[in-house]
Each structure stands twice: as structure tokens, then as C-alpha cells.
Amino acid sequence: MPEISVVAPVYNQRAETLAELVRRLSISISAVTEDFDIVLVDDGSVNDAWMVISNLARTDPKVRGFRLARNFGQHVAITAGLDHADGNWVVVMDADLQDRPEVIPELYAKAQEGYDVVFVNRAQRPESFIYRMVAAFFYLILNALSGQDYNRLQGNFSIVSANAVRAFRLLREPGRFYGGILRWVGFRHGSITAAHAARDAGQTSYSFIKRVRFAV
Ligand code: UDP
Ligand code: MG
């Protein structure tokens, strides 16, 4: 059982981005422990992402790759990753380097204060005005429909204890929302604040419709 497993959903990410992700993760997590692995889940990419993940897994024993049968959306991809992540702690993050690997030691340290779940609040959102408007609208609808108070500064970037991961795995509904399920299963939640990087290349893979369809 590694001390830290990282789970990242991958959709059409570039080869350079994935290699850089693994490189930066390895450096950052080594500051905490050498006992870690990286679970990359290809969510039905239509580019060469799966080939890249396979190569990374072949050359680096810390990398494990899984491939979904089609594009299910990031929440199903994260679920598949969590099904295979056996770390005492599991970090969930985007694969596009917007969630910065360098934040992981701080995330881990916060969890050691006695939290099962710690989310990262994004200090800066370098996205465009339109993107932020769409995101704000999304959270307005999400909070209205769910009756919850989801924090729009939080994405997927989080660390979760093995106990909370086990509880998460018990819920198998196909329409999933990572943060929502984690909130539902309970446990002690905390947060830290860290900068969110600009998109490394390309654009968001989400239209508003796709975001709503996949997230709720
Ligand atoms: N992603 C995925 N399936 C999809 C769309 C996105 O697994 O259908 C992944 C993507 O590779 C990234 C994360 O989900 O790791 C967030 O996607 P993106 O960066 O495009 O969204 P945004 O930055 O707008 O939140
Ligand atoms: Mg992104």
C-alpha cells in the first residue's frame, strides 16, 4: 500500500503535458515520501493520450494506466481511478497542470492535522471572463438544485484518506459528482488555498452542456 496515490482523469491531454505531469508529481511527492504511485485514467481520448500513458507506465514503475471504453466524463474517470488507488492517501487532480503538483506537500500536511478530506480552494482563476461567468452560472444551478453550498473555488484537487475512499467506492451511481459524493459520505473536511495555474495548452474540454451532463 503506497503512502500516496495520485488519480488524474485524462481526456485528450498532450504527450508533453502528461510527461511533465509525471515529472513534476515525482519531484513534489518525493519531498513527502518515495512510496507513491500515479494512476492515469484515459477517459476515451480521441488523440494519442492512451499510447502516451501506456509508454509512461512501461518506463516508470510508479505510473499505472487505465482506459475507459468511451468518454464518460471526468467524474466516472476519477471513480475508476479511485477503484484502483490503494494509497493511505489519495490525491485527485486534473491532468492538465492547472492543479499544480507542487501543492501536494501542503495538501498532505493539512490532512495530517486530522482531516479525511482536504480540498484546494483556487486562489487565482486565470480563466477568461466568459468561462468564469459560465462556471458561476453552473454553481448557481448546482446549489439551487442540490440544496447544498458548493464552493465554486473548489475543483477536483483534493486529498482523501483510504477510509473515505472506501466509502466513496460503495456509491456506484452512473451520474456522478466527485465533490458531491465525498460530501455525502461525511468524514472530517478541510481546505487550503493555493494558486491555480493557467491552462497549459488548448482549451477546456467542457462546453456548458457537457459540464452539466457529466457533473450532475
Ligand atoms: N476530463 C476527462 N473527461 C472529459 C473531460 C475532461 O477526464 O470528458 C479531464 C481532463 O483531462 C482534465 C480534467 O478532466 O484532467 C478537467 O478538464 P478540463 O481541464 O478540460 O476542465 P476545466 O479546466 O475547464 O475545469
Ligand atoms: Mg483544466
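In short, a report on the structure. (Residues numbered from 1 in each chain as written. Chains lettered and ligands numbered in written order. Predicted model: local features only at pLDDT ≥ 70, side-chain atom pairs only at ≥ 80, totals over all residues. Heavy atoms only, no water.)

## Some points on the packing of helix H1 (residues 15-30) against helix H2 (residues 49-59)
Put simply, H1 and H2 touch, their axes get as near as 9 Å, and they point 30 degrees apart. Judged by the inter-axis angle, H1 sits roughly parallel to H2. For the element pair H1 and H2, the recorded crossing hand is right-handed. Counting all contacts with H1, which are made through Ala15, Leu18, Ala19 and Val22, the residues of H2 involved are Ala49, Val52, Ile53 and Leu56. In terms of residue class, the contact of H1 with H2 is built from eight nonpolar, no polar and no charged. (Axes fitted to C-alpha atoms, helices over the stretch in contact; angles between N-to-C directions. Helix = DSSP H or I, 4+ residues; strand = E, 2+ residues; numbered from the N terminus. Parallel < 35°, antiparallel > 145°, perpendicular 65-115°, else oblique. Left-handed = near helix turned anticlockwise from the far one by under 90°. Contact = heavy atoms within 4.5 Å. Nonpolar A, V, L, I, M, F, W, Y, C, P; charged D, E, K, R; others polar.)

## Some words on the packing of aromatic side chains
In total, this model carries four aromatic pairs according to the counting rule given. Each ring, one from Phe138 and one from Tyr139, has its centre 5.1 Å from the other, and the planes form 85 degrees; the classification is edge-to-face. On the basis of relative accessibility, which here comes to 6%, the residue Phe138 falls in the buried class. Looking at Tyr139, the relative accessible area reads 12%, which means it is buried. (Phe/Tyr/Trp six-rings, centres within 6.5 Å; stacked < 30°, edge-to-face > 60°. Buried < 20%, exposed > 50% of the residue type's maximum accessible area, 1.4 Å probe, protein only.)

## Here we look at the nonpolar core
Among the nonpolar cores identified, the biggest contains 34 residues, and Leu40 and Met93 are the most heavily contacted of them. Of all the elements, H1 adds the most residues to this core, at five residues. Once you skip the residues sitting within four places of it in the chain, Met93 turns out to touch Val6, Val7, Ala8, Pro9, Leu21, Leu25, Asp99, Arg100, Pro101, Ile104 and Phe157. Grouped together as the second largest cluster of nonpolar side chains are 23 residues, Ala80, Val117, Ala164 and Phe168 included. (Core = buried A, V, L, I, M, F, W, Y, C linked by side-chain atoms within 4.5 Å.)

## A look at the sheet that holds strand E4 (residues 89-92)
Judged by pairing direction, the sheet is mixed, and its seven strands sit side by side in the order E3-E2-E1-E4-E6-E5-E7 without closing on themselves. In this open sheet, the two strands that pair with only one neighbour each are strand E3 (63-67) and strand E7 (189-194). Averaged over all neighbouring strand pairs, the angle between strand axes comes to 20 degrees, with direction disregarded. As judged from the four bridges shared by E4 and strand E6 (residues 154-161), these two strands associate in the antiparallel manner. Considered in E6, the bridge of Trp89 is made with Ser161. Those strands touched by H2 are strand E1 (4-10), strand E2 (36-42) and E3, and its axis lies near 150 degrees from that of E3. (Pairing = 2+ DSSP bridges.)

## Side note on H2
By the burial criterion, the buried members of H2 are Ala49, Val52, Ile53, Ser54 and Leu56. Buried positions along H2 lie against E1, H1, E2 and E3.

## Comments concerning the side chain of Gln13
Within the secondary structure, Gln13 is located in the loop between E1 and H1. Setting aside residues up to four positions removed in sequence, Gln13 forms contacts with Leu18, Asn47, Ala49, Ala95 and Asp96.

## Details of the pattern of salt bridges
A complete count under the given rule lists eight salt bridges for this structure. Linking Arg23 and Glu20 is a salt bridge whose minimum nitrogen-to-oxygen distance equals 3.2 Å. Of this pair, Arg23 and Glu20 both sit in helix H1, three residues apart, which is roughly one turn of that helix. Residue class for Arg23 comes out partly exposed when judged on its relative accessible area of 44%. Take Glu20: its relative accessible area is 27%, and that puts it in the partly exposed class. Here Asp83 makes a salt bridge to Arg172, at a shortest N to O gap of 2.9 Å. You can see Asp83 sitting in helix H3 (residues 74-84) and its partner Arg172 sitting in the loop between helix H6 (162-170) and helix H7 (178-185), a full 89 residues away along the chain. (Salt bridge = Lys/Arg side-chain N within 4 Å of Asp/Glu carboxyl O.)

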